[in-house]
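Listed below are the residues making up each chain.
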Amino acid sequence: MKPVALACAPEAERSRGVRTLLAMSGLVLLADGLFLMAQRHLNLGVVLPAVLGAAFLFLAVRWRSVARWRRGRPGRQRLWRLGWVLLALWLASVFWFWGQLRGLGVPPAGVPPVRAIVVLGSGTLDGQPRPALAARLDTAAELARLQPAALIAVCGGVDLGETESEAAVMARYLRERHGIAPDRLVLETESTSTELNLALSRPLLQARGVPADAPMAVVTSDFHLMRAVRIARRQGLSAVVPVGAPTPITNRYNAWLREYFALGSSWALREL
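Now for a quick tour of the structure. Predicted model, so just to flag it, every value in this text is computed and none were measured.

A short note on a positive patch on the surface
Logical step 1: Residues Arg 62, Arg 64, Arg 68 and Arg 71 make up a contiguous surface patch of positive charge.
Logical step 2: Residue placement: Arg 64 occurs in helix 3 (residues 63-72).
Logical step 3: Judged by relative accessible area, Arg 64 falls into the exposed class, the value being 61%.

The structure is reproduced here in structure tokens:
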């Protein structure tokens, strides 16, 4: 019996290690998702980690039952292994995508002279810009100080549960927080997507004397730059200078994960 007991010991230790890792990962992912959901962030980049966290916790708690189920039939063991392989491949693709997002964009001080600064919407809450949108506006204000002749287009319609358009909230923030003159602001108040942000702000800028081929800066979050620039170029805006704003650490990786799926969605909808 001693050899059998010794052979089982390493397996039991591995099992405890896997369960501990699953439990810790599950708690972190679930807490992250619930924290952001409590702040009314409801998107795939928030919900998916919460679901994965709940699944990992379930596996940690029910590990022995799941092990018995796996051993019930040979096909189940193969399915189990295939599931982990697919998860690992998916995670590898996510990390690769995140690597592509790093280093994109031009800092405000490096932007050549532009006729307009287009700030893309990112969400408001109770009449105030969410942290990601505030970071975009702060970056745009820095660029506006460096280029005082440029118009500033703020883009976005009315968010779910709000009564005021994103553009109106953004304009007020720039006026009150950064002292931007009202006559520099162009409000696009109807759009509900990146594609519409760019498409609907274009005629408004043209009405203020900024032609479509004029150099303009597009300010958005760092993770969003790749998709935004591709959409702009598909719309014929060839003189776009991408300017990235930092994503707040509290939802950085959730936002990057959301963008992973958004890029695929934009490609499927032929927005890119």
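Some remarks on the side chain of Arg 184
Logical step 1: Within the secondary structure layout, Arg 184 lies in the loop between helix 6 (166-178) and strand 5 (185-188).
Logical step 2: Buried and unpaired, Arg 184 has Asp 183 as its nearest opposite-charge partner, separated by 6.2 Å.
Logical step 3: Each residue touching Arg 184, except ones within four places of it in the same chain, is listed here: Ala 144, Gln 147, Pro 148, Ala 149, Ala 150, Leu 151 and Ile 152.

Digging into the packing of helix 4 (residues 74-101) against helix 9 (residues 252-268)
To describe two helices that pack against each other, one gives the angle between their axes and the distance between the axes.
Logical step 1: Packing of helix 4 against helix 9 brings their axes to within 10 Å, and their N-to-C directions diverge by 100°. By the angle class used here, helix 4 and helix 9 are roughly perpendicular. Packed against helix 4, whose contacting residues are Trp 90, Ser 93, Val 94, Phe 97, Trp 98 and Leu 101, the element helix 9 presents Tyr 253, Trp 256, Leu 257, Glu 259, Tyr 260, Phe 261 and Leu 263 at the interface.

What counts as what
- Residues numbered from 1 in each chain as written.
- Predicted model: local features only at pLDDT ≥ 70, side-chain atom pairs only at ≥ 80, totals over all residues.
- Heavy atoms only, no water.
- Patch = residues over 30% accessible without salt bridge, like charges linked within 9 Å, V, L, I, M, F, W, Y side chains within 5 Å.
- Areas by Shrake-Rupley, 256 points an atom, 1.4 Å probe, with all protein chains shown as cover.
- Salt bridge = Lys/Arg side-chain N within 4 Å of Asp/Glu carboxyl O.
- Lys, Arg positive; Asp, Glu negative; His and termini not counted.
- Charge placed at Lys NZ, Arg CZ, Asp CG, Glu CD.
- Helix = DSSP H or I, 4+ residues; strand = E, 2+ residues; numbered from the N terminus.
- Buried < 20%, exposed > 50% of the residue type's maximum accessible area, 1.4 Å probe, protein only.
- Contact = heavy atoms within 4.5 Å.
- Axes fitted to C-alpha atoms, helices over the stretch in contact; angles between N-to-C directions.
- Parallel < 35°, antiparallel > 145°, perpendicular 65-115°, else oblique.

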